[in-house]
Amino acid sequence: MLLVARKNLFSERMRLAISVGGIALSVFLISLLLSLYRGWDEKVGGFVENSSIDIWIASEGTEDFLTAASLQPSEGNQEHAALYNGAKEYLDAHSFVDRWSPMIVRLAEGVRVEKLSGDDEKLGTEMDIHFIGFDTTTRLGGPIETVEGSDTPGPGEVIIDEKLSSRYDVDVGDTLRAGGRDWAVVGKSKGGDFVATQTVFVTHEEAQTTLRMEGLTTFYVIEATKDEFVEPLETDLEDLAAQNDLPLVVHTREEFAANTRERIISNILPILFVVLGLAFIVGVAVAGLTIYTATIEKAREYGILKAVGFPNRYLYRVVFEQSATTALLGFVVGLGLTLILGPFASEYVPQFVLLTRWQDVLFVAGITVLMALIAAYIPVRRLAAIDPVGVFKG
Amino acid sequence: MSQVTKTYGSGEAAVHALDHVDFDVQAGEVVVVMGPSGAGKTTFLTIAGALLTPTSGTVEISGIDITSLSEKDLPEIRRERIGFIFQSFNLLESLTAIENVKLVMMDGTKSRGAANRARELMTMLGLGHRLKSLPKNLSGGEKQRVAIARALANNPDLILADEPTANLDSKRGREVMQLLRQIALEMRKAVIIVSHDHRTREIASRIAWLEDGTFRPDVATERDPVCQRVVEVEGSPSFIHESVTYYFCSSQCYDLFQTEPRQFLTGTRE
């Protein structure tokens, strides 16, 4: 680093602190929001992505997991028995299908805690959940991973996601009230956190009864025998639906996960961009103003340097180095704050799901470099205009 | 300098700050440039210092025609061929004394050689004990000596000093003057001093009188006993006191002297 740049920068400690603080605040906000975005992105698509389901079959118009308004006939449906039997026969016989089963997904709002164990503080707490009925034989659509208690719910029993447990302080042995009846919590699973809602698993039959969906289901879910069969199987199923004029849509795991992410992320993305933009402006404004005022204050000294033979490019380098050093310090402080304070925020606010990727750290570093360049641009223009002859005036 | 003209503005509003000026200075010589305010001294100095381009004419420093060089080549000429000494010292406040000297030799890179030469120069100028002092902790005389060390750092052929004693008391001013003379003689530098200070005459190899943009030959000068400025004898207000004729830069000085001549003569006849 140039001697003049270093001396100018560190001789004004308060100004340096303000400048670094501005960039650090900006970096902190940007990296926090990016981590939040990544965290949500990961969580929202995580369940669909990590389940063993390769193909999701739903009624036409159902494009994602969260707004699953699909209704299809299932076993015991008198009206569409032939249709169901035909589909069953087809899936059983298809060589690409390893396992298949119906699956019910329903968003249930206002589920109450009817806690029978532990303290009474959470009694009556209401929560929004994704109520999932899965086939306990194939286990398709069931808990991704059981972390406590039973992995298979029996009649009147539920397995709850661990995030639901921590968010509402519900535990194995407690009782939830949903769909007009009580459910005993018998297990805890992980991987079913959609940030705003969490998954609660019951058997498919219990879900049908509770949700008055006898003879109906939300999805048919399939696991293919091999990964390479997924796309041909999707094509076969789409062809079959088209030939029989069935109002069905077929999604692969990736499509369905992407659509589910899109549902949430597309809504928060514009807000995210606005806040990111504001954070960037704050960083540039604070760093730019402090570097500009420092340059103006030292205008005579830059004039002296010009007079004694330093070319403009040397002076530009002085300002850029000051700006870059400020930005680097701001980046380190801002990123440090994110890494230190982020986990605390997540601890107290469950929706504050953070995931910091190295690619995002690089991105923020790039943004910081951009801030440094912009912050130095105006002072550099000012430097170019300094007339060295001025230093002869006492 | 050969036939150097510097004109500001154009048409009827044109002002010729320098008008076909011829001037030269040799190694080992101290030339003191004097003249009334507005005579073109600063323009002369900035053109000689490759900071300003003349409207016409040529300027050569050590055989290099700087008027034929492009704008981007001039900084190197200033840094390598010319040493500047300013009236208000113009040191960089955040740098220590030795760093101020070292800086002009480094061009952005660290150099042990630069540090050694800076230390050597400062010791030679009696500042060996002030190497790490910040300018704000130095006296005026010390600051000017640091500035002289900086001017000598790149071993230039030409030293340009603009009112180098203006901000110094009488004793420090004399010291600086003697130092400049010593530099010219012992280090074989060409020194040009622009000054109003009569003390500079003591060390001058010659005095050049600049007025209305031209150097006037054979100008008789005297010191104004009131303000101590050097004034041209011809045309200046004068007053005879005890058979000695005194000359003044302005009617104000003249009036002051007339009121109580002894008051001004005591201090000037040292």
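Source: prediction; values computed, not measured.

Asks: So what about the overall build of chain B? Which residues, and what values?
Replies: The helix and strand inventory of chain B stands at eight helices and 15 strands. Here chain B has a C-alpha radius of gyration of 20 Å; the compact-globule value for 270 residues is 18 Å, and the two agree. Viewed in the frame of its principal axes, chain B has a C-alpha envelope of about 60 × 50 × 30 Å. Evaluated residue by residue, chain B yields a buried proportion of 45% over its 270 residues.

Asks: Help me get a handle on the overall build of chain A, residues and values and all.
Replies: Scanning chain A for helices and strands turns up ten helices and twelve strands. A compact globule built from 394 residues should have a C-alpha radius of gyration of about 21 Å, whereas chain A, at 30 Å, is more than 25% larger. Referenced to the eigenvectors of the C-alpha coordinate spread, the extents of chain A come out at roughly 100 × 55 × 25 Å. Taken over 394 residues, chain A has a buried fraction of 43%. Long-range pairs, those at least 24 residues apart, make up 83% of the contacts in chain A between residues at least 6 apart in sequence.

Asks: I'd like to hear about the sheet that holds strand S1 (residues 2–8) of chain B, residue by residue, with values.
Replies: All names here are of chain B. Spatially, three strands are ordered S2-S1-S4 in an open sheet, and the strand pairing comes out antiparallel. The open sheet has two edge strands with one neighbour each: strand S2 (15–21) and strand S4 (56–58). Neighbour to neighbour, the strand axes of the sheet diverge by 20° on average, direction disregarded. Judged from the four bridges that link them, S1 and S2 form a sheet pairing that is antiparallel. Bridging from a neighbouring strand, Tyr-8 pairs with Val-15 of S2. Across the sheet, helix H1 (residues 41–48) is in contact with S1 and S2; its angle to S2 comes to roughly 60°.

Asks: Account for the interface of chain A and chain B, with residues named and values stated.
Replies: Counting from both sides, the interface comprises 20 residues of chain A and, opposite them, 25 residues of chain B. Listed by contribution, the elements that provide at least two residues to the side of chain A that touches chain B are helix H1 (3–11), helix H8 (299–307) and helix H9 (312–348) of chain A. No other element matches the five residues that H1(A) contributes to the side of chain A that touches chain B.

Asks: Go over the domain arrangement of chain A, please, and point to the residues and values.
Replies: For an interface, size is often stated in terms of accessible area lost upon the parts coming together. All names here are of chain A. The assigned domain composition of chain A is domain 1 (3–45 + 262–392) and domain 2 (61–246). Computed from C-alpha atoms alone, the centre-to-centre distance between domain 1 and domain 2 is 48 Å. Each partner contributes residues to the interface: domain 1 has seven residues there, and domain 2 has ten residues. The biggest single contributor to the side of domain 1 that touches domain 2 is helix H2 (residues 13–50), with three residues. Partitioned by chemical class, the residues of the side of domain 1 that touches domain 2 number four nonpolar, one polar and two charged.

Asks: Summarise the sheet that holds strand S10 (residues 206–211) of chain B; cite the residues concerned and give the values.
Replies: Residues and elements named next belong to chain B. Read from one edge of the open sheet, six strands run S7-S8-S9-S3-S10-S11, paired in mixed fashion. Only two strands of the sheet have a single neighbouring strand rather than two, namely strand S7 (82–85) and strand S11 (214–216). Within this sheet the neighbouring strands show an average axis-to-axis angle of 25°, counted without direction. Where strand S3 (residues 30–34) meets S10, four bridges bridge the pair, whose relative direction is parallel. By the bridge assignment, Val-33 is partnered in S10 with Ala-208.

Asks: Explain the packing of H2(A) against H9(A) residue by residue, including any values.
Replies: To characterise two packed helices, one gives the angle between the axes of the helices and the distance between these axes. Residues and elements named next belong to chain A. Contact geometry for H2 and H9: axes closest at 7 Å, N-to-C directions at 45°. The orientation of H2 with respect to H9, classified from their angle, is oblique. The way H2 lies across H9 gives a crossing that is right-handed. Together, Leu-16, Ser-19, Val-20, Ile-23, Ala-24, Leu-25, Ser-26, Val-27, Phe-28, Ser-31, Leu-32 and Ser-35 of H2 and Thr-326, Ala-327, Leu-329, Gly-330, Phe-331, Val-333, Gly-334, Leu-335, Leu-337, Thr-338 and Gly-342 of H9 make up the contact between the two elements. Taken together, the residues that form the contact of H2 with H9 break down as 14 nonpolar, nine polar and no charged.

Asks: Explain the domain arrangement of chain B to me, using residue names and the numbers behind them.
Replies: Residues and elements named next belong to chain B. Splitting chain B by domain gives domain 1 (2–219) and domain 2 (222–270). The C-alpha-based centres of domain 1 and domain 2 are spaced at 30 Å. The interface of domain 1 with domain 2 comprises six residues on the first partner and five residues on the second. Its residues assigned to classes, the side of domain 1 that touches domain 2 comprises three nonpolar, two polar and one charged.

Asks: Can you tell me about the environment of A:Ile374, naming the residues and giving the values?
Replies: All names here are of chain A. Along the chain, Ile-374 falls in helix H10 (residues 358–384). Placed 86 residues apart in sequence, Ile-374 and Gly-288 show a C-alpha to C-alpha distance of 7.3 Å. Once you skip the residues sitting within four places of it in the chain, Ile-374 turns out to touch Val-284 and Gly-288.

Asks: Explain unusual backbone geometry to me, and be specific about the residues and the numbers.
Replies: Of note, A:Arg212 is a non-glycine position whose phi angle comes to about 50°, a positive value. Relative to the helices and strands, A:Arg212 is located in the loop between helix H5 (204–210) and strand S10 (216–217). On the basis of neighbour counts, which here come to 8 C-beta atoms within 10 Å, the residue A:Arg212 falls in the exposed class. Although it is not a glycine, B:Asp212 adopts a positive phi angle of roughly 50°. Mapped onto the secondary structure, B:Asp212 falls in the loop between S10 and S11.

Asks: Give a detailed account of the nonpolar core, specifying residues and quantitative values.
Replies: B:Leu180 and B:Val191 are the most contacted members of the largest nonpolar core, which has 176 residues in total. If you tally residues by element for this core, the top one is H2(A), at 15 residues. Beyond its immediate chain neighbours, meaning those up to four positions away, B:Val191 contacts B:Val30, B:Ile159, B:Ala161, B:Leu180, B:Ile183 and B:Ala184.

Asks: Go over H9(A) with me, naming the residues and quoting the values.
Replies: For H9(A), built from 37 residues, the straight-helix expectation of 54 Å at 1.5 Å per residue is met to within 8% by its first-to-last C-alpha distance of 53 Å. Along its length, H9(A) reaches its greatest deviation from straightness, about 35°, at A:Leu341, and the proline A:Pro343 lies no more than four positions downstream.

Asks: Before we move on, could you go through the pairing of strand S14 (residues 238–241) of chain B and cite the residues and values that matter?
Replies: Strand direction decides the pairing type here: S14(B) and strand S15 (residues 244–247) of chain B, joined by four bridges, are antiparallel. If you follow B:Phe239 over to S15(B), its bridge partner there is B:Tyr246.

Asks: Please set out the environment of B:Val226 residue by residue, giving values where relevant.
Replies: All names here are of chain B. Mapped onto the elements, Val-226 comes out in the loop between strand S12 (221–223) and strand S13 (230–232). Note on Val-226: 20 C-beta atoms within 10 Å, which makes it buried. When the C-alpha positions of Val-226 and Tyr-246 are compared, they lie 9.9 Å apart, and in sequence the two are 20 residues distant. In contact with Val-226, other than residues within four places in its own chain, are Phe-248, Cys-253, Leu-256, Phe-257 and Phe-264.

Quick notes on the rules
- Residues numbered from 1 in each chain as written.
- Chains lettered and ligands numbered in written order.
- Predicted model: local features only at pLDDT ≥ 70, side-chain atom pairs only at ≥ 80, totals over all residues.
- Helix = DSSP H or I, 4+ residues; strand = E, 2+ residues; numbered from the N terminus.
- Rg over C-alpha atoms; globule rule 2.2 N^0.38 Å.
- Buried ≥ 20, exposed ≤ 12 C-beta atoms within 10 Å, placed from the backbone.
- Contact = placed C-beta atoms within 7 Å.
- Pairing = 2+ DSSP bridges.
- Axes fitted to C-alpha atoms, helices over the stretch in contact; angles between N-to-C directions.
- Domains from an automatic or database assignment.
- Nonpolar A, V, L, I, M, F, W, Y, C, P; charged D, E, K, R; others polar.
- Parallel < 35°, antiparallel > 145°, perpendicular 65-115°, else oblique.
- Left-handed = near helix turned anticlockwise from the far one by under 90°.
- Core = buried A, V, L, I, M, F, W, Y, C linked by C-beta atoms within 7 Å.
- Expected span 1.5 Å × (residues − 1).
- Bend = angle between axes of the 7 residues up to and from the residue.

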